[in-house]
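# Summary of the model geometry
Below are the chains, spelled out letter by letter.
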Amino acid sequence: MKTLELTIDDKPVTVEEGTSVFDAARLHGIAIPVLCHAQNERPIGVCRVCTVDCGDKVLQASCVRPAENGMKVFTASDKVKKHRRMILELLLSDHPSPCARQRVSGDCELETQAAAEGIVAPRFSKRVSPRGQDDSSLVISVDHEACILCDRCIRGCDEIRQNNVLGRGGKGYNAGIAFDLNRPMGNSSCVSCGECMVSCPTGALTNKSVVRTVLPGGDPVGVEELKTLPFFQKVSGTFLDLNKNAVIRRHFKAGEVICREGDYGSTAFYILEGEVEVFLSSMSSKKETAKEAPSLFEMFAHVFSPKKKPGSPAQNGGNIPIDSVVDLSLDNPVARLGQGDIFGEMTCMNLYPRSATVRAKTDCVMLEMLRNVLDVIQRNKTLRAEIEKNYRKRALEDHLRTVSVFSSLSPEFIENLSRRVELVRYSRGEVLCRQGETARYFFLVRIGFVKMVEEHAGGDLVLAYQGKGGHFGEIGLILRGTYAFTVTALDNVEVVRIDAEAFQEMLAGFPDIAFNLKKVATERELHNQRHSAAVSAMSLEKFLGQGLMEANSLLVIDLEKCTRCDQCVRACSDAHEGVTRLVREGLRFDKYLVPTSCRHCRDPLCMIGCPVGAIRRRNSLETVIEDWCVGCGLCARNCPFGNITMHAVPETGAPKAALAKRKATSCDLCQNLPEPSCVYACPHDAAKRVDPNDFFRDLISPSIDSGPFAAPDVPHGGRR
Amino acid sequence: MLFDDMREIQHRFGYLPPDQMLELSKKQEIPLYKINGVAEFYPEFRLTPPAQAVVEVCTDMACHLRGADTLCSDLEQKFAKMGKRAVEIHRRSCLGQCDSAPALTLNEVVFRNVSTELAETHIQAKLANIDLPVPAFEHQPVTLLADPYRVRNGESVPERYSALRALVASRDFDGVITTLKDAGLGGMGGAGFPTSIKWDVVKKARGDEKYLVCNADESEPGTIKDRFIMTHLPHLVIEGMIVGALVCGAKKGFLYIRHEYKEQEAILRAEIDQCRRDGLLGESILGTDLSFHLDIFVSPGGYICGEGSAQLEAIEGKRAEPRNKPPNSATVGLWGKPTALNNVETFANVPQILANGVAWFKAQGRDGAAGLKFIGVSGDVQRPGAFEIPMGIPVSEAILGLAGGPAPGRTVKAFSPSGAASGFIPFDKFRDTHLDFKSMRAAGTMLGSGAIVVVDDSRCILDMTLNAIIFFRNESCGKCVPCRVGSQKLVDILVGWTRGKGAPSDLQLVADLAETMEQTSICGLGQFVPYPITTAFKHFREEIDAHVLHKNCPAGVCPIASARAQGQAV
């Protein structure tokens with residue numbers, strides 16, 4: 001190896017060829033200040049703090065300047081120090097001082113160096129447009145304001161760890177670090193290895209305190225022990241160490257309840273030993289479902305509530321989706337899980353209430369884990385493949401059968417299909433399929449909720465929300481060739497995706513499925529057309545402002561006829577075991593009172609997130625709450641009109657059953673009566689159930705033809 | 001090629017939908033962050049669905065002088081109520097149409113000499129889905145001295161590509177380097193670095209894999225000469241490239257052209273196709289064992305792509321961020337291999353010198369300068385355009401003679417000899433300076449890319465300076481701190497001055513910041529950001545002081561002037 005001789009600050013030094021000036025100085029005890037360079041990373045020379053005078057026309061970043069024979073380097077001349085100071089001053093002018101790191105440990109590298117240079121108040125004005133914070137990761141908090149774009153995290157992620165998540169986005173003064181397609185960190189493919197965080201010189205990437213959360217009531221599990229479990233082998237040791245308390249081991253005696261339906265939780269369970277049973281206590285006493293006559297609307301209703309099996313109820317009770325690899329049958333809502341199974345993923349990832357009660361069938365040992373750990377496991381390719389394999393083996397058949405139209409698939413075909421489907425994850429806001437694009441997949445929702453939207457020139461129209469068991473893509477694959485609507489993930493969504501080829505094979509091999517799917521597709525298509533026709537005719541601001549056009553069925557009271565006798569409220573109470581679902585108060589529109597009573601919205605926000613799919617549409621556009629409501633109250637909080645109330649239910653004392661202590665109720669339009677009792681009871685013909693778009697047509701008609709149709713998201717925006 | 005795949009997606013959807021990028025990432029096995037990095041970096045790519053009419057108005061230098069800001073705000077006002085899904089109006093960087101300013105693009109199509117009415121008509125047509133013909137841009141046929149193959153009365157016309165044919169026959173590649181050295185040909189992109197040395201380094205570099213790149217990304221405000229050369233002399237550019245490739249031993253080359261130059265791209269593609277048919281390009285040139293494969297690389301946009309090493313990064317499918325030098329691209333260039341990178345005009349000069357000889361070349365210049373030069377003259381002149389001049393003519397001859405001088409009743413106040421980078425210098429002081437690299441440097445300025453932008457006596461130097469620095473701020477890639485942060489802080493301070501918010505201490509701060517940016521930025525862009533203001537300090541100090549110290553805009557252009565006129569406190 002050739003050696004080079006040069007002087008640094010008048011000190012003669014000898015180094016091997018290829019050594020940078022920075023290293024040449026370092027090897028001879030001269031420390032050059034730097035921000036963007038770390039010894040374990042490839043130098044890139046972007047911060048320019050390590051700038052030195054090598055006798056060239058301009059100064060050079062020493063970390064990237066190769067040393068040369070006879071070079072005379074000055075690392076701390078007045079000229080060098082002046083420019084280094086200016087660079088620190090520029091950086092500090094946009095830096096939120098003290099940043100998170102400076103506050104906690106006092107060692108933000110920028111602030112330390114700036115202080116050493118005596119820079120207190122930068123002379124430049126601060127950045128005007130904020131760059132923001134990103135709190136979406138469970139482990140790392142991102143403060144873009146504190147970022148100095150040294151790219152150390154980027155090299156840590158892409159070159160050291162080779163995780164390939166982090167890069168630079170934007171350009172010029174608007175450049176910043178970006179995860180994947182500039183997603184929030186928590187929604188990106190980041191595996192939370194922590195390398196970016198340990199690489200960051202400032203408070204831009206810091207460890208979150210959530211990792212210090214201690215799960216109560218279990219035994220701590222050492223990193224080494226965890227690493228012996230196949231499930232954790234691939235997880236970064238640094239990560240497990242940082243998250244020591246986020247996984248614990250728990251023992252359950254046979255018969256002990258592990259989690260209860262309706263409870264809020266934030267953990268998932270991994271069964272190490274033993275067997276558990278999963279059931280809905282609210283269903284255990286009444287296995288009979290509501291009596292529904294099959295109708296023309298059957299398939300159509302299924303669109304909105306796919307959990308229900310069309311055809312004779314006696315033939316098959318359908319399934320209740322729960323947060324597990326299996327679903328519960330309506331006929332026999334108990335399932336078993338054993339060693340190696342995970343449950344509670346959805347509660348853990350999306351913080352939904354528990355969808356079912358889980359009880360130890362035998363003595364059990366479990367690992368209970370927080371969201372950050374589950375998240376890392378789900379992001380790991382190998383572990384993900386495990387989960388997927390397990391899912392294919394155990395759950396696909398169940399899952400396909402939940403979707404009524406597939407109930408006739410032969411086991412062989414499911415076997416064949418299971419090798420050809422993929423499990424795909426989408427994060428909040430991500431588009432699963434876009435209206436007008438070539439239909440290539442059929443989708444079945446496994447975890448989370450999606451929103452189906454039809455895009456119109458005047459705005460978007462929400463057609464439905466779908467949770468576990470929901471499906472879409474068939475209109476595109478069967479009728480149009482292109483997707484009929486845009487489907488977006490509302491939270492962390494996982495779907496089973498069947499490609500067009502397998503789907504067509506299925507249609508060819510199972511004519512009854514083909515027939516049913518075509519029917520569903522046609523019904524959906526028809527419904528959509530009616531739906532959008534009705535909506536696109538509306539325009540009155542107030543009408544929209546009150547969200548009335550969103551309603552399918554609206555209780556209105558003509559205030560000119562009403563004598564305030566309260567017969568309607570009494571009738572409602574009588575019809576519903578003494579609990580009224582109607583309060584004679586509310587917004588006014590023209591001479592009508594719109595009391596707080598379910599409007600059976602076109603865009604039923606209440607349905608988002610129901611952990612057991614109890615709030616649903618049964619055989620029409622009406623929204624009902626089924627008996628298996630676990631009382632979590634999510635729908636009541638979601639309803640923008642306050643039309644769902646929570647009320648206590650008496651305990652029945654059935655053995656072993658954990659009971660819901662309260663349930664949600666909402667107007668069911670008196671399902672079993674020919675007419676809603678409030679309307680029937682009104683002696684003055686003041687109360688009416690109407691379709692607002694027809695009923696108010698005259699009131700709003702003057703403006704029907706004038707002005708562009710305001711997008712339905714106007715009332716949304718106002719309400720939420 | 002990544003950019004081609006992204007273009008294809010954008011062509012289908014109008015933008016880059018995330019799911020498509022996801023699929024592309026899987027298909028090409030390119031990490032998402034890399035796709036996002038370039039999608040967000042290059043102005044050609046969109047991440048949101050476009051409106052029915054997307055209008056991008058150039059507001060740099062010549063367009064700024066010709067009322068682009070008013071045009072833009074007029075359009076914004078007229079179409080504000082239509083909503084974002086109908087009409088989008090943005091400001092954008094120079095389109096290279098400085099001789100027909102103001103210019104804008106409507107759904108990617110360039111419009112020149114735009115009036116508000118014209119723009120409005122075409123936007124309305126887009127909204128109504130009517131296809132209006134784009135006003136055509138007529139090229140006058142020109143006879144250029146620079147073309148050794150031009151038709152001459154009575155003289156026998158050498159066949160095009162004769163210089164190349166002779167070289168293939170003689171294989172005297174060292175002779176080419178000697179000839180270029182004797183002619184004194186320097187880089188015409190602006191730096192004037194001797195071409196013979198550059199080619200010699202690449203030729204002597206070890207390894208078989210070498211590249212040759214033609215920089216046709218001219219994006220600096222005022223620079224329109226390469227567009228002119230590519231329109232009228234495409235055969236010289238291609239011939240120069242093939243000669244260069246043979247001399248340097250490059251088997252593969254790219255002509256890097258900005259995506260807004262669609263017309264020139266088509267002309268060059270036709271020329272390249274013709275060469276392939278004639279056996280001048282490809283595997284076996286004129287039946288010999290020599291080969292050279294040449295492709296056009298369409299830039300996804302951005303002034304920074306004109307910086308040599310950034311251009312190579314772009315060709316490699318990355319963000320166009322300049323590399324730290326040394327090493328230079330002649331030794332470590334495209335994909336780490338030795339690369340000869342020259343400007344359009346440099347390549348066009350090579351066949352001239354080879355066909356006509358060094359003596360002819362030297363005789364073309366005036367007063368000791370050699371060769372011909374292509375320049376653009378725009379701004380406050382009556383006949384803006386691109387011109388072929390003998391190297392070394394006085395400034396006044398170009399501005400007053402060729403370009404027709406200022407409007408009647410106006411005088412020329414100042415001019416910028418090299419677009420945004422050179423800053424404005426007083427015409428009276430430099431009117432007799434010769435337009436060649438050496439004379440201009442000696443006079444304390446630069447010839448650069450030959451982009452003369454003229455301002456008359458009604459203009460404010462601070463306003464023009466700020467306009468130039470805003471251009472650099474917008475075009476900074478953001479890689480290094482002094483340029484990324486410094487350019488924004490400089491804009492902040494100068495905007496303050498135009499609004500009467502200057503403090504005396506600002507003057508020193510700007511001088512200090514300018515020095516740091518010049519000394520510590522990675523590339524020429526960052527080093528030149530403060531040049532317009534330091535030039536203004538040098539030549540128009542009183543006018544700057546009037547803004548900063550006396551809160552007055554002598555030309556009555558800056559916001560501070562209208563505030564004064566209305567009697568507001570400033």
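Residues numbered from 1 in each chain as written. Chains lettered and ligands numbered in written order. Predicted model: local features only at pLDDT ≥ 70, side-chain atom pairs only at ≥ 80, totals over all residues.

Here we come to the overall build of chain A. Across its full length, chain A carries 25 helices and 37 strands. Going through the 720 residues of chain A one by one, you find that 51% of them count as buried. (Helix = DSSP H or I, 4+ residues; strand = E, 2+ residues; numbered from the N terminus. Buried ≥ 20, exposed ≤ 12 C-beta atoms within 10 Å, placed from the backbone.)

When helices and strands are counted, chain B shows 26 helices and 13 strands. Taking 25 Å as the expected radius of gyration for a compact globule of 570 residues, we find that chain B reaches 24 Å, a close match to that expectation. With respect to the three principal axes, the spread of C-alpha positions in chain B is 80 × 60 × 45 Å. Buried residues in chain B amount to 56% of all 570 residues. Partitioning the intrachain contacts of chain B with sequence separation of at least 6 by distance along the chain shows that 70% fall at a separation of at least 24. (Rg over C-alpha atoms; globule rule 2.2 N^0.38 Å. Contact = placed C-beta atoms within 7 Å.)

Moving on to the packing of helix 2 (residues 78–93) of chain A against helix 22 (residues 504–520) of chain B. One way to put it is that helix 2 of chain A packs onto helix 22 of chain B with a least axis distance of 10 Å and a crossing angle of 105°. As judged from the angle between their axes, helix 2 of chain A and helix 22 of chain B are roughly perpendicular. Between helix 2 of chain A and helix 22 of chain B, the contacting residues are H83, M86 and I87 of chain A on the first element and D512, L513, T516, Q519 and T520 of chain B on the second. Per-class residue counts for the contact of helix 2 of chain A with helix 22 of chain B are three nonpolar, four polar and one charged. (Axes fitted to C-alpha atoms, helices over the stretch in contact; angles between N-to-C directions. Parallel < 35°, antiparallel > 145°, perpendicular 65-115°, else oblique. Nonpolar A, V, L, I, M, F, W, Y, C, P; charged D, E, K, R; others polar.)

Right, let's get into the confidence of the model for chain A. With 75% of its residues at a pLDDT of 70 or more, chain A shows a mean pLDDT of 77. Per-residue pLDDT stays below 50 along residues 700–720 of chain A; that stretch engages in 34 contacts with residues further than four places along the chain or on separate chains. (pLDDT = per-residue confidence, 0-100.)

This part takes up the packing of helix 10 (residues 225–232) of chain B against helix 14 (residues 344–356) of chain B. All names here are of chain B. Contact geometry of helix 10 with helix 14 gives a least axis separation of 9 Å together with a crossing angle of 45°. In terms of orientation, helix 10 and helix 14 fall into the oblique class. For helix 10 against helix 14, the interelement crossing comes out left-handed. Packed against helix 10, whose contacting residues are K225, D226, I229 and M230, the element helix 14 presents V344, E345 and A348 at the interface. (Left-handed = near helix turned anticlockwise from the far one by under 90°.)

Do not read the predicted coordinates in detail wherever pLDDT is low. Residue and element names in this part refer to chain B. For chain B, per-residue confidence averages 94 on the pLDDT scale, and residues scoring 70 or more make up 99% of the total. By mean pLDDT, the top-scoring element of chain B is strand 5 (residues 211–216) (98), and the lowest-scoring one is helix 26 (residues 559–565) (82). Here the predicted complex scores 0.72 on pTM and 0.95 on ipTM.

A general trend in soluble globular proteins is that nonpolar side chains are found buried together. One finds V237, A398 and F415 of chain B to be the most contacted residues of the largest nonpolar core, which totals 334 residues. It is helix 11 (residues 234–248) of chain B that contributes the most residues to this core, ten residues altogether. Ignoring sequence-local partners within four residues, the contact set of F415 of chain B consists of I399, F424, I425, F427, I452, V453, V454 and V455 of chain B. Counting 22 residues, the second largest nonpolar core, distinct from the first, contains A571, A575, V679 and A686 of chain A. (Core = buried A, V, L, I, M, F, W, Y, C linked by C-beta atoms within 7 Å.)

Residue and element names in this part refer to chain A. Here four bridges tie strand 15 (residues 276–279) to strand 18 (residues 334–337), and the two strands are oriented antiparallel to one another. When the sheet's bridge partners are listed, E277 is paired in strand 18 with R336. Pairing of strand 15 with strand 20 (residues 357–360), which is carried by four bridges, proceeds in the antiparallel orientation. Paired with E277 across the bridge in strand 20 is R359. (Pairing = 2+ DSSP bridges.)

This paragraph deals with the sheet that holds strand 10 (residues 205–207) of chain A. Residues and elements named next belong to chain A. Taking strand neighbours across the sheet as the criterion, the three strands line up as 6-7-10 in an open arrangement whose pairing is antiparallel. Unpaired on one side and paired on the other, strand 6 (133–134) and strand 10 mark the two borders of the sheet. By the bridge criterion, three bridges tie strand 7 (residues 140–143) to strand 10 in an arrangement that is antiparallel. Bridge pairing in strand 10 links V142 to L205.

A word on the environment of H90 of chain B. All names here are of chain B. With respect to the helices, strands and loops of the structure, H90 is situated in strand 2 (residues 87–92). For H90, a count of 14 C-beta atoms within 10 Å translates into the label partly exposed. Along the sequence, H90 and V55 sit 35 residues apart, while their C-alpha atoms lie 6.2 Å from each other.

Time to look at the domain arrangement of chain B. All names here are of chain B. Domain assignment breaks chain B into domain 1 (2–41), domain 2 (53–127), domain 3 (173–356), domain 4 (365–456) and domain 5 (463–565). Each of domain 2 and domain 5 has a C-alpha centre, and these two points are 26 Å apart. Domain 2 puts four residues into the contact, and the matching count from domain 5 is five residues. (Domains from an automatic or database assignment.)

Residues and elements named next belong to chain B. Spatially, the five strands line up as an open sheet ordered 10-9-13-11-12, and their pairing is mixed. Strands at the two margins of the open sheet, each flanked by one partner only, are strand 10 (385–390) and strand 12 (425–426). Sheet analysis places strand 11 (residues 412–416) next to strand 12, joined by two bridges and oriented antiparallel. From the neighbouring strand, A414 faces strand 12, where its bridge partner is P426.

Counting residues at the interface gives 38 residues for chain A and 39 residues for chain B. Among the secondary structure elements, those contributing two or more residues to the side of chain A that touches chain B are helix 2 and strand 8 (166–169) of chain A. With six residues, the single largest contributor to the side of chain A that touches chain B is helix 2 of chain A. Its residues assigned to classes, the side of chain A that touches chain B shows 19 nonpolar, eleven polar and eight charged.

The next subject is unusual backbone geometry. Cis geometry marks the peptide bond from A101 of chain B to P102 of chain B, where omega comes out at -5°. Cis geometry is adopted by the peptide bond preceding P326 of chain B, which originates at K325 of chain B and carries an omega value of 0°. Within the element layout of this structure, P326 of chain B appears in the loop between helix 13 (308–315) and strand 8 (339–343). In this structure, N182 of chain A takes a positive phi of about 55° despite not being glycine. Tracing the backbone shows N182 of chain A in the loop between strand 9 (176–179) and helix 6 (195–199). Classification of N182 of chain A by C-beta neighbours within 10 Å gives buried; the count is 20. Even without being glycine, N113 of chain B reaches a positive phi, approximately 45°. With respect to the helices and strands, the residue N113 of chain B is situated in the loop between strand 4 (109–111) and helix 6 (116–127).

In this section: the domain arrangement of chain A. In terms of domains, chain A is made up of domain 1 (3–76), domain 2 (100–207), domain 3 (255–399), domain 4 (414–535) and domain 5 (542–719). Taking the mean C-alpha position of each, domain 1 of chain A and domain 4 of chain A sit 60 Å from one another.

A separate point is helix 14 of chain B. Residue and element names in this part refer to chain B. In this model, helix 14 (13 residues) spans 19 Å end to end at C-alpha, consistent with the 18 Å of a helix rising 1.5 Å per residue. Of all the 13 residues making up helix 14, twelve are buried; the element is thus mostly covered by neighbouring parts of the structure. Those residues of helix 14 that fall on the buried side of the exposure criterion are V344, E345, T346, F347, A348, N349, V350, P351, Q352, I353, L354 and A355. Where helix 14 terminates, the next one or two residues include G357, which has phi positive at roughly 90°. (Expected span 1.5 Å × (residues − 1).)

The next subject is the pairing of strand 11 of chain B. Residue and element names in this part refer to chain B. In terms of burial, strand 11 is largely enclosed, as five of its five residues are buried. Of the strand pairs in this sheet, strand 11 and strand 13 (residues 451–456) are connected by four bridges, and their pairing is antiparallel. The residue of strand 13 that forms the bridge with F415 is V454.

Summarising the element assignment, R425 of chain A is placed in strand 22 (residues 422–426). A C-alpha to C-alpha distance of 14 Å links R425 of chain A and L374 of chain A, two positions 51 residues apart in sequence.

To continue, consider the environment of T339 of chain B. Residue and element names in this part refer to chain B. By the secondary structure assignment, T339 is in strand 8. T339 sits in the buried class, given 30 other C-beta atoms within 10 Å. Here the alpha-carbon distance between T339 and V481, two residues 142 residues apart in the chain, equals 28 Å. Dropping the residues within four chain positions of it, T339 is found in contact with V202, K210, Y211, V213, L312, S329, A330, G333 and L334.

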